[in-house]
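Here is what each chain is made of, one letter per residue.
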Amino acid sequence: MRLDRFLRERGYGSRKEIQDNIRKGKVSVDSEIVKDPEFRVPEGAEVCFGGQPAEKSRYICYLLNKPSGCVTARTDENHPVVMDLIPSDVPDLAPVGRLDKDTEGVLLITNDGELAHRLLSPKYHVPKKYYAECRSPFPEEAKTLLENPMVFQDFTTEGAVFEKLTDSSAYLTVTEGKFHQVKRMFLKIGCEVTYLRRESFAGLTPEGLAPGEYRKLSEEETTALRKASGLEE
Ligand code: URA
C-alpha cells in the first residue's frame, strides 16, 4: 500500500496534509525517513509519524442509544446534550447528523469528520431505519407514496422502504438524512409522528443498550463503516 494511503487509513489527516507531512520528513519507514508519498510500504514494516509508531487507527466511534429529551449538540443552554452522555476526552468528537430532541435510538459520535460526512451523504446510500408511530392510520397508498420520490422544497427522497407493522406504526428506511425527514415524509401522507426511534444506522443497532447508554465500536466495526462509505478498500 502507498505510504500516503497507509497514513490516511489510520487517521493522520487529509491526503494533502499527509503528503505535505511526508515531504517535510515527518514520516519514517523502518527507521528511514521517506519523503515520497507514493512509496510502497512493505508488509510488516514499521511506519512512524513524528517519531511515534502509526500502528492503530486514531479514529474512534461511539454508538449511543439516544434517549428522548436530550439535544443532538455539543452544548445547549437549556437542555441536556448527547455529548454529556459520553464521558470522553477525545478531541473533535461530534455527532453524525442529528436526531430530534424527542427521537430515540442509534446515534453515532465520532472524531472522523470525513466518515461522518459520507455516512450522511445520499451519494453513499447508507441506510437509516426508523420505527415510527403515528397519530392516525396510514392511507391505503402509503407504501407507494413513501417509496416513490417525494419532493420537498429542499430535497427529493430516493429509495425509501416502508414496512407497515400496524394501522399506524411502521418501519421506514431512508438513505438521506435531512432535517425532520421522517416526520416530514409521514406528514406528507397525512400522518403526524407521535413517537420516533432510529432502529439502525448502516446496519448498527442499539441492541443491548438501554436509552442513554453507549458503547465504543470495535475497530472491525469502524473499518466496516469506512468501507461502506468508500473510505477504505
Ligand atoms: N427524521 C426526523 O423527522 N427526525 C429525526 O430525529 C430523525 C429523522
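Everything discussed here concerns the structure shown above.
None of these values were measured; they are calculated from a predicted model. Position labels on residues start from 1 in each chain and follow its written sequence. At least 70 in pLDDT is required for a residue's local features to be given in this predicted model, at least 80 for side-chain atom pairs to be given and counted, and no such filter applies to totals for whole chains, interfaces and linings, which use all residues. Each side-chain value is worked out from all heavy atoms of the structure, with water and hydrogens disregarded.

## Overview of the overall build of the chain
A count of helices and strands for the chain gives six helices and 12 strands. For the chain, the spread of C-alpha atoms along the principal axes amounts to about 70 × 35 × 30 Å. If the 34 positive side-chain charges of the chain are averaged to one point and the 39 negative ones to another, these points end up 4 Å apart. Only DSSP runs of H or I covering at least 4 residues are called helices, and only runs of E covering at least 2 are called strands; the numbering of each starts at the N terminus. When charges are counted, Lys and Arg contribute as positive and Asp and Glu as negative, whereas His and the chain ends are disregarded. Every charge is mapped onto a representative atom, which is NZ of Lys, CZ of Arg, CG of Asp or CD of Glu.

## Focus: the site of the ligand
The full set of residues close to the ligand is Leu-99, Asp-100, Thr-103, Tyr-130, His-180, Gln-181, Val-182, Lys-183 and Leu-196. Asp-100 is positioned with one of its backbone polar atoms (N or O) 2.7 Å from an oxygen atom of the ligand. Here an oxygen atom of the ligand and a backbone polar atom of Gln-181 are 3.5 Å apart. Accessible surface is estimated by sampling points in the Shrake-Rupley manner with a 1.4 Å probe; for residues, cover comes only from the protein chains shown. Taken by itself the ligand offers 230 Å² of open surface, and the protein chains cover 97% of this. Here the element with the most residues in the shell around the ligand is helix 5 (residues 181-188); it accounts for three residues. Charged means Asp, Glu, Lys or Arg here, nonpolar means Ala, Val, Leu, Ile, Met, Phe, Trp, Tyr, Cys or Pro, and polar covers whatever is left, Gly included. For the shell around the ligand, the class distribution of residues is four nonpolar, three polar and two charged. Residue-level mapping places the shell around the ligand at the junction of two domains, with at least three residues from each of domain 2 (59-121 + 210-233) and domain 3 (127-201). What makes a residue near a molecule or strand is one non-hydrogen atom of that residue sitting within 4 Å of it. Here a polar contact is taken to be a pair of N or O atoms separated by no more than 3.5 Å, where protein atoms must pair a possible hydrogen donor with a possible acceptor and residues adjacent in sequence count only if both atoms sit in side chains. Just so you know, the domain bounds were taken from an automatic or database domain assignment.

## Details of the environment of Asp-112
Residue position: Asp-112 is located in the loop between strand 7 (104-110) and helix 3 (113-120). Accessible area is worked out with a 1.4 Å probe on protein chains only. A residue is then buried under 20% of its type maximum, exposed over 50%, and partly exposed in between. Judged by its relative accessible area of 1%, Asp-112 is buried. Spatially, the C-alpha atoms of Asp-112 and Arg-226 are 9.6 Å apart, while their sequence positions differ by 114 residues. Every residue pair with non-hydrogen atoms within 4.5 Å of one another is taken to be in contact. Setting aside residues up to four positions removed in sequence, Asp-112 forms contacts with Tyr-59 and Arg-226. Here the side chain of Asp-112 touches Arg-226 through a polar contact of 2.6 Å, side chain to side chain.

## Considering the packing of aromatic side chains
Pairing of aromatic rings covers Phe, Tyr and Trp, the last counted by its six-membered ring, and requires centre-to-centre distances within 6.5 Å; plane angles under 30 degrees mean stacked, over 60 mean edge-to-face, and any other angle means tilted. On inspection of all chains with the given rule, the structure shows eight aromatic pairs. Here the aromatic rings of Phe-152 and Phe-155 are separated by 5.1 Å at their centres, their planes lie at 15°, and the arrangement is stacked. Pair check on accessibility: Phe-152 and Phe-155 agree, each one buried. Pairwise contacts between aromatic rings join Tyr-131, Tyr-171 and Tyr-195 into one cluster. Geometrically, a charge over a ring is one whose NZ (Lys) or CZ (Arg) sits within 6 Å of the ring centre while staying within 35 degrees of the ring normal. Above the plane of the ring of Tyr-171 lies Lys-129, whose end atom (NZ or CZ) is 4.3 Å from the centre.

## Considerations on helix 6 (residues 219-228)
Among the residues of helix 6, Thr-222, Leu-225 and Arg-226 are the ones counted as buried. Projected down its long axis, helix 6 shows its buried positions confined to an angular sector of 100°, all on one face. Looking at the buried residues of helix 6, the elements they touch are helix 1 (3-9), strand 5 (61-66), strand 7 and helix 3. One or two positions beyond helix 6, positive phi appears at Gly-230, with a value near 75°. To obtain the arc, one takes the directions from the helix axis to the C-beta atoms.

## Observations regarding the nonpolar core
In this structure, Ile-109, Phe-138, Leu-172 and Phe-186 are the most contacted members of the largest nonpolar core, which totals 35 residues. Sorting the residues of this core by element identifies strand 5, strand 7, strand 8 (128-134), helix 4 (142-147), strand 10 (169-174), helix 5 and strand 11 (193-201) as the ones contributing at least two each. Per-domain counts for this core show at least three residues from each of domain 2 (59-121 + 210-233) and domain 3 (127-201). Excluding residues within four positions of it along the chain, Ile-109 makes contact with Ile-60, Cys-61, Tyr-62, Leu-64, Val-82, Met-83, Ile-86, Leu-93, Ala-94, Pro-95 and Val-96. Judged by nonpolar contacts, the second largest core, of 15 residues, contains Val-106, Leu-108, Ala-116 and Leu-209. Residues enter a nonpolar core if they are buried and are Ala, Val, Leu, Ile, Met, Phe, Trp, Tyr or Cys, with the set joined through side-chain atoms within 4.5 Å.

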